[in-house]
Protein chains: 2
Amino acid sequence: MSAINNFEGHPPTIQGRMLDEKILNILRNSSDSYVSGEELCKLADVSRAAIWKHVEKLREEGYDIEASPHLGYRLVDIPDSLIPSEIKYALKTKVFGKEVISYKKVDSTNTIAYELAEKGIGEGASIFAEEQARGRGRHGRHWYSPAKGGIYLSCILRPKIAPNEISKITLLAAVAVAKSIRNLSPLNAMIKWPNDILVNNKKVCGILTEMKAEQDRVDFIILGIGLNVNTQARHLPKGATCLKDELCHSKIERDISRVELARNILENLEEYYSILKKEGFKPIIEEWKSLSAMLGSRIRVILQNRTFEGQAHNIDENGSLVVRLDSGVLERVSSGDIIMVR
Amino acid sequence: MSAINNFEGHPPTIQGRMLDEKILNILRNSSDSYVSGEELCKLADVSRAAIWKHVEKLREEGYDIEASPHLGYRLVDIPDSLIPSEIKYALKTKVFGKEVISYKKVDSTNTIAYELAEKGIGEGASIFAEEQARGRGRHGRHWYSPAKGGIYLSCILRPKIAPNEISKITLLAAVAVAKSIRNLSPLNAMIKWPNDILVNNKKVCGILTEMKAEQDRVDFIILGIGLNVNTQARHLPKGATCLKDELCHSKIERDISRVELARNILENLEEYYSILKKEGFKPIIEEWKSLSAMLGSRIRVILQNRTFEGQAHNIDENGSLVVRLDSGVLERVSSGDIIMVR
């Protein structure tokens, strides 16, 4: 992993990371007021020198911490960075994001997550990056992943399912992300089968699910999510957009907090994953349908060897798209690209 | 790969390997007669010192090469070792075994093959080992892989199929191996769904197919084959046997050439893989059925959460087992263990 710039430089000791977070939380809790150096030492149970070192570390991560010789320390501003101390702060999950690993720049978060999964990292571990040099989409396509503005996230899942059930995870993730966008903005996020999230008919998010599996048993799944949040338009390919630009079109000028959105996505993933386990795929399918951008619409289906048109009729119990051909025949599609026909 | 003892010590240069094989083939071609040192130098286009070095290398690999000061060199005996120069000699394939990598001992040939596949090694590349420290069966089970006697082989496949078609590869491999055993011995090898080869109702071979895949597209498949050929009975678990012992029970006392068998397996894999691509899965299924040890028999099916009995009725177009329950209802099984009920 030599090409990777970890946020934290060399991997920090767990103790060091815990101390960073301990000091940060003391400052967070005292909100706008100062905490004296002496008090901070007592609460964190370390020396003044150690406090200084860890405050410097937090500043490097983007925390604005004021230090006054007479008053002490004060947390002035927190960064909107996809770092463990922000993602995990007030995160209401037990599995997703229990372990967070963040990078400034990687080739692909899915690749990193895959390697970690092979080494045995637990379910729910979440890999974030601020930028991807070789972000990947379906079928080896490139996923534009510029710095400043996107959420590039890969989660490790270890469900006890057969390989042909992997679509369930993709569809579940699409529901989770669309719901999160709706939770934190007035934008009407919709899902385009199988793995795109659209806002105003433009793509804001892609989902890439990969797995290692035996013939009849999934070993692990990597759920990759690439979401354009505050990405500058000039960095996005044709047909794509970001949440900030779509808000702007609605006359709402603001950045969306990537940290809040990422947290909400982890929470929704946990909720729908738990529903899948307890109640099966049916409730997920129902949610998916209610968010679908195309059921009932005329579509063109592009397969490896042929192309055909029809009406997007339904999603079946395995997550396949059911298309009604002009002859009235229903055709199931489990792979391929879809174009909406006007 | 520090735990691995490659047959060839440090990876040899391609030139070195080619020279080994060139010298070996000159000696092979002169069969029982001597080739003078001078002639060998001329034919191989190298110095006497180089000849000596490569002859030593070949001897280390198990070739018995006689060197007489007056007569020259003579190939007295070849080893029954799963090394590239033996596997590839007179191998009638274009894809399978085009690249052969052999090890004395590995943890698992599937693990090595998986790593090589991730690094981009081509279709048909074949990894052999004389011994596996952590041979793997289905669902994380152990596969006994003692030295001296077994074929432990993993092939890399890159078919353009969906993940739910992986059973086709497992079944195809079972047909290939069963046919090879029948080709090279009078033993009546049969297939037990999904991935065992039986001789006289005892297991001689297991097949473990693993894959890396996206939701709708296989990236690569590792086809792992563990076959007990001349393995000593005391090294085999209960219910298992080896080809040599079954021959012995038929009053035929001989070792089976592992090299010949391995070559034949690669050739059969290539043939059936090519049939799958050109004619689809139907001809494979028909072969499979003709080799089935259980169609028509009463079986017990053990799934993750329940167990039931019925008659093994058929194999469907996806390679799933169709079981006829006592109620007459047909149930499809794509995963699980089968016990034959007497």
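Residues numbered from 1 in each chain as written. Chains lettered and ligands numbered in written order. Predicted model: local features only at pLDDT ≥ 70, side-chain atom pairs only at ≥ 80, totals over all residues. Heavy atoms only, no water.

A.B. asks: Can you break down the overall build of chain A residue by residue, with the values?
C.D. replies: Looking only at helices and strands, chain A features nine helices and 15 strands. Computed over the C-alpha atoms, the radius of gyration of chain A is 22 Å, within 12% of the 20 Å expected from 2.2 N^0.38 for a compact globule of 342 residues. Across the 342 residues that make up chain A, the buried fraction comes to 54%. Considering only contacts in chain A between residues 6 or more positions apart, those separated by 24 or more positions represent 64%. Just so you have it, chain A exposes about 15,900 Å², and 48% of that area is on carbon and sulfur atoms. Counting 48 positive and 45 negative side-chain charges, chain A places the centres of these two groups 3 Å from one another. (Helix = DSSP H or I, 4+ residues; strand = E, 2+ residues; numbered from the N terminus. Rg over C-alpha atoms; globule rule 2.2 N^0.38 Å. Buried < 20%, exposed > 50% of the residue type's maximum accessible area, 1.4 Å probe, protein only. Contact = heavy atoms within 4.5 Å. Areas by Shrake-Rupley, 256 points an atom, 1.4 Å probe, with all protein chains shown as cover. Lys, Arg positive; Asp, Glu negative; His and termini not counted. Charge placed at Lys NZ, Arg CZ, Asp CG, Glu CD.)

A.B. asks: An account of the nonpolar core is needed here, citing residue identities and associated values.
C.D. replies: Counting 133 residues, the largest nonpolar core has L227(A) and L227(B) as its most contacted members. Every residue in contact with L227(B), bar those within four places of it in the chain, is listed here: G149(B), G150(B), I151(B), V177(B), I181(B), V204(B), C205(B), L261(B) and I265(B). One finds I101(A), Y103(A), I222(A) and Y103(B) within the second-largest nonpolar core, a separate group that totals 30 residues. (Core = buried A, V, L, I, M, F, W, Y, C linked by side-chain atoms within 4.5 Å.)

A.B. asks: An account of the packing of aromatic side chains is needed here, citing residue identities and associated values.
C.D. replies: The geometry of two aromatic rings is summed up by the distance between their centres and the angle between their planes. What the rule picks out here adds up to four aromatic pairs over all chains. Between the aromatic rings of Y114(A) and F220(A), the centroid separation amounts to 4.9 Å while the plane-to-plane angle is 75°, which identifies the pairing as edge-to-face. You can see Y114(A) sitting in helix 5 (residues 109-118) and its partner F220(A) sitting in strand 10 (residues 218-228), a full 106 residues away along the chain. Per residue, the accessibility class of Y114(A) equals that of F220(A), and both read buried. A centroid spacing of 5.6 Å and a plane angle of 85° characterise the contact between F96(B) and Y273(B), whose relative ring orientation is edge-to-face. Here the residue F96(B) occupies a position in the loop between helix 4 (84-87) and strand 4 (100-105), and Y273(B) occupies one in helix 8 (residues 258-279), the gap between them amounting to 177 residues. Classification of F96(B) by relative accessible area gives buried; the value is 1%. A cation sits over an aromatic face here: R28(A) above Y89(A), 3.5 Å from the ring centre. (Phe/Tyr/Trp six-rings, centres within 6.5 Å; stacked < 30°, edge-to-face > 60°. Lys NZ or Arg CZ within 6 Å of the ring centre and 35° of its normal.)

A.B. asks: Tell me about the pattern of salt bridges, and name the residues and values.
C.D. replies: In this structure the tally under the stated criterion is 52 salt bridges over all chains. Here K179(A) makes a salt bridge to E287(A), at a shortest N to O gap of 3.1 Å. Placement of K179(A) in helix 6 (residues 166-184) and of E287(A) in helix 9 (residues 282-290) is noted, with a sequence separation of 108 residues between them. Residues D196(A) and K203(A) are paired through a salt bridge, measuring 3.1 Å at the closest nitrogen-oxygen approach. We classify D196(A) as buried; its relative accessible area is 11%. On the accessibility criterion, K203(A) (25% relative accessible area) is partly exposed. Residues joined in a network through salt bridges with shared partners are R138(A), R141(A), D337(A) and D216(B). (Salt bridge = Lys/Arg side-chain N within 4 Å of Asp/Glu carboxyl O.)

A.B. asks: Give a detailed account of the sheet that holds strand 12 (residues 307-315) of chain B, specifying residues and quantitative values.
C.D. replies: All names here are of chain B. As summarised here, the arrangement of the five strands in space is 14-13-12-11-15, forming an open sheet in which the pairing is antiparallel. The sheet is open, and its two edges are formed by strand 14 (330-333) and strand 15 (337-340), each paired on a single side. Averaged over all adjacent pairs, the angle separating strand axes in this sheet is 45°, with direction ignored. Both strand 11 (residues 298-302) and strand 12 contribute to a ladder of five bridges, which runs antiparallel. Note on strand 12: the bridge partner recorded for I299 is G310. (Pairing = 2+ DSSP bridges. Axes fitted to C-alpha atoms, helices over the stretch in contact; angles between N-to-C directions.)

A.B. asks: Which residues make up the confidence of the model for chain A, and what values do they have?
C.D. replies: Residues shown with low pLDDT carry predicted positions that ought not to be read at fine detail. Averaged over chain A, the pLDDT score is 91; the fraction of residues at 70 or greater is 95%. ipTM for the predicted complex: 0.82, alongside a pTM of 0.87. (pLDDT = per-residue confidence, 0-100.)

A.B. asks: Which residues make up the state of the cysteines, and what are the values?
C.D. replies: Residues and elements named next belong to chain A. Per the counting criterion, the structure on display carries zero disulfides over all chains. Free cysteine C242: the closest other cysteine sulfur is in C248, separated by 9.2 Å. Judged by relative accessible area, C242 falls into the buried class, the value being 0%. (Disulfide = S-S within 2.5 Å.)

A.B. asks: Can you lay out helix 5 of chain A for me, pointing to particular residues and giving the numbers?
C.D. replies: All names here are of chain A. The buried fraction of helix 5 amounts to seven of the ten residues, a majority that puts the element mostly inside the structure. Of all the residues in helix 5, the buried ones are T109, N110, I112, A113, Y114, L116 and A117. Count one or two residues on from helix 5 and you reach G120, which has phi positive near 105°.

A.B. asks: Summarise the interface of chain A and chain B; cite the residues concerned and give the values.
C.D. replies: Taken together, the contacts link 27 residues of chain A with 27 residues of chain B. When the two sides are added together, the surface that chain A and chain B hide from each other amounts to roughly 2,200 Å², 44% of it contributed by carbon and sulfur. Counting across the chain A and chain B interface gives two salt bridges. A salt bridge links R138(B) to D216(A), with the shortest nitrogen-to-oxygen separation between them at 3.1 Å. Contributions of two or more residues to the side of chain A that touches chain B are made by helix 5, helix 6 and strand 9 (202-214) of chain A. (Buried area = accessible area lost by both parts, 1.4 Å probe.)

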